[in-house]
Amino acid sequence: MKVSYYPGCSLEGTAKDYAMSIQGICTRLNIQLDEIPDWNCCGATSAHSINHRASIELAGRNLNLATRPVRFGLPHADLLVPCPLCFNRLKTAALALEGDQKEHYRITLPDSVPQIWEIANFFAEDNMLRRVAKHVEHPLKNFKTVCYYGCMANRPPEVAEIADYENPMSLDRIMANIGATAIAWPFKTDCCGASQVLSRPETVTRLVGKLFTMAQQVGAQAIVVSCQMCQANLDMYQAKISADWGKHFNMPIYYFTELIGLAMGVPEAKKWLSGHIADPFTLLRELGL
Amino acid sequence: MPETTTIYPDYQFIQEIESYGPFGAEACFQCRKCTNGCPVAFAMDLLPDQIIRMALLGQRDTLLSCNSIWICIACETCTTRCPNKIKIAELMDGLKEMAIQAGIPCPQPQIRTLHETFLENVRKRGRVFELSFIRNYMFESGELRRKWNDGELSYDLKLGLKMAAKGRYLFRPSKIDGQEEIREMLAYAFAGKSKL
């Protein structure tokens, strides 16, 4: 299986662990990731916040590149996007550049662009669940987690084209498929504060503290994510957030791809986890994983 | 007695806002679902439903100088839940763009500086190079000084060193062939609008 791949800027840097885990499990699953040649930043929050045209055209350039032939073959039908914000921006650009105001922009898309997939929804499709299930060697027995989806993977539904946007189930299905227990909880899609970690850190402290409190309350041992921005905000500041809330938050924050890798016995999985700040190993040891 | 203010409506202003959309703001019937679901309403001076109301009443100065349009994190909860399909988060973006074009001082300067340093980074290389972006942001926003004064800097520095030791930073920025294309794209989009 071959798909086009748009990693996005943070997967080259602070989310390298996420990038490695995606590459690692795709290799095991015989999925070839063909990076869009010469891709550029999607513009992220900054572009859409202060310049609409820039936000559509920056993202649109990548869509155009994705329609070019890959490695002397035809362009792939699917475009896989790990970062939910990149996903949101690319989808928004596709809608704008195909919509009734498309003449307004200086980028023209060809008639067909690949289907744009947010990575958790991609791996939660039936055929992908079956593909992973065949490779599961160490089911994550007794692993109790909540799945945290954040904002952009499923919102707004007109852009994400997702039906279960208030109670998404993609990560829950993926967890069940590898033997873990996904606990139901009400904060699946509540915001973590995102980029305000830099500009208004107190927002993140407040929002993430709420998430931790609820995760503890429902008996979760860990939080599973598919967004590197959520991962960073939940993983990196636990000591500080604990101090501000007067509580003790100590919870490993895993990418779902890392857990798939563990369950499939991919040897490098421990290396991916070593990039985390909140200790991801103690829980796994306790569970004999 | 509740405080009263006199408002002089300008029913044309909404057309100007909508030219940045369309957002469909005129469909609002003030159910306040947007505000009830907003995760950052606690930090806003005007609540999302009030923003829409003020927009329909044409309260230009109030809107373009308020905190809320900058506080909005674009989590899209309001847009998702609006029974009248108003693109509320997108309208907040439109107002930010209008405020910048009108040269109105931003009441949340760190947030505006974050967006500008981020896009400056994109302009330079085509992709964001996190280390230089964060360094530039910390200097230009004054956050470095604030963190130093508040004693928060040591936490960040320790975290930064830990991240470096764990190999989480890219030390050599990647450059793309289409760099000139990106520069031209941003120059056109920002022409005469702001400093980028």
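Residues numbered from 1 in each chain as written. Chains lettered and ligands numbered in written order. Predicted model: local features only at pLDDT ≥ 70, side-chain atom pairs only at ≥ 80, totals over all residues.

1. Digging into the domain arrangement of chain A
Residues and elements named next belong to chain A.
At step 1: Taken domain by domain, chain A comprises domain 1 (2-120) and domain 2 (137-286).
At step 2: The C-alpha-based centres of domain 1 and domain 2 are spaced at 24 Å.
At step 3: Counting from both sides, the interface comprises 25 residues of domain 1 and, opposite them, 26 residues of domain 2.
At step 4: When residues of the side of domain 1 that touches domain 2 are traced back to their parent elements, those giving at least two are α1 (16-28), α4 (84-98) and α5 (119-123).
At step 5: Of all the elements, α1 adds the most residues to the side of domain 1 that touches domain 2, at 9 residues. (Domains from an automatic or database assignment. Contact = placed C-beta atoms within 7 Å. Helix = DSSP H or I, 4+ residues; strand = E, 2+ residues; numbered from the N terminus.)

2. Comments concerning the nonpolar core
At step 1: The biggest cluster of nonpolar side chains holds 140 residues, and the ones touching the most others in it are Val81, Leu90, Ile223, Val224 and Leu259 of chain A.
At step 2: When sequence neighbours within four positions are dropped, the list of residues in contact with valine 224 of chain A reads Thr145, Cys147, Tyr148, Leu171, Met175, Tyr254, Phe256 and Leu259 of chain A. (Core = buried A, V, L, I, M, F, W, Y, C linked by C-beta atoms within 7 Å. Buried ≥ 20, exposed ≤ 12 C-beta atoms within 10 Å, placed from the backbone.)

3. Overview of the sheet that holds strand β5 (residues 144-148) of chain A
Residue and element names in this part refer to chain A.
At step 1: If you walk across this open sheet you meet the 4 strands as β6-β5-β7-β8, and the pairing is parallel. Since the sheet does not close on itself, it has two edges, and those belong to β6 (181-182) and β8 (253-255), each with one partner.
At step 2: Relative to the sheet, helix α8 (residues 170-177) contacts β5, β6 and β7 (222-225), its axis offset from that of β5 by approximately 150 degrees.
At step 3: Strands in contact with helix α13 (residues 256-263) are β7 and β8; relative to β8, the strand with the most contacts, it is inclined by about 75 degrees. (Pairing = 2+ DSSP bridges. Axes fitted to C-alpha atoms, helices over the stretch in contact; angles between N-to-C directions.)

4. Some points on the domain arrangement of chain B
At step 1: Its domain assignment divides chain B into domain 1 (13-101) and domain 2 (109-190).
At step 2: For domain 1 of chain B and domain 2 of chain B, the distance between their C-alpha centroids amounts to 28 Å.

5. A closer look at the packing of α1 of chain A against α13 of chain A
Residue and element names in this part refer to chain A.
At step 1: One can describe the packing of α1 onto α13 by two numbers: an axis separation of 8 Å at closest approach and a directional angle of 40 degrees. As the angle between them shows, α1 and α13 are arranged oblique. The two elements α1 and α13 meet at a crossing, and its hand is left-handed. In this structure, α1 uses Tyr18, Ser21, Ile22, Gly24 and Ile25 to contact α13, whose residues at the interface are Thr257, Glu258, Ile260 and Gly261.
At step 2: Grouping the constituent residues of the contact of α1 with α13 by class yields 4 nonpolar, 4 polar and 1 charged. (Parallel < 35°, antiparallel > 145°, perpendicular 65-115°, else oblique. Left-handed = near helix turned anticlockwise from the far one by under 90°. Nonpolar A, V, L, I, M, F, W, Y, C, P; charged D, E, K, R; others polar.)

6. Topic: the environment of leucine 129 of chain A
Residue and element names in this part refer to chain A.
At step 1: Along the polypeptide, leucine 129 turns up in helix α6 (residues 126-135).
At step 2: Residue leucine 129 is classed as partly exposed on the basis of its 15 C-beta neighbours within 10 Å.
At step 3: Counting along the chain gives 149 residues from leucine 129 to alanine 278, while the straight-line C-alpha distance between them is 28 Å.
At step 4: Residues in contact with leucine 129, not counting those within four places in the same chain, are Ala124, Arg173 and Asn177.

7. Remarks on the sheet that holds strand β2 (residues 32-35) of chain A
Two modes of strand pairing occur in sheets, parallel and antiparallel, and in both the strands are linked by backbone hydrogen bonds.
Residues and elements named next belong to chain A.
At step 1: Strand order in the open sheet made by the 4 strands is β2-β1-β3-β4, with parallel pairing throughout. Each edge of the sheet is formed by a strand with only one pairing partner; in this case those strands are β2 and β4 (115-118). Averaged over all adjacent pairs, the angle separating strand axes in this sheet is 40 degrees, with direction ignored.
At step 2: Note that strand β3 (residues 78-81) and β4 share 4 bridges and pair parallel. Across the sheet, the residue bridging to valine 81 is glutamate 118, located in β4.
At step 3: Each of β3 and β4 touches α4; the most contacted strand, β4, lies at about 155 degrees to it.

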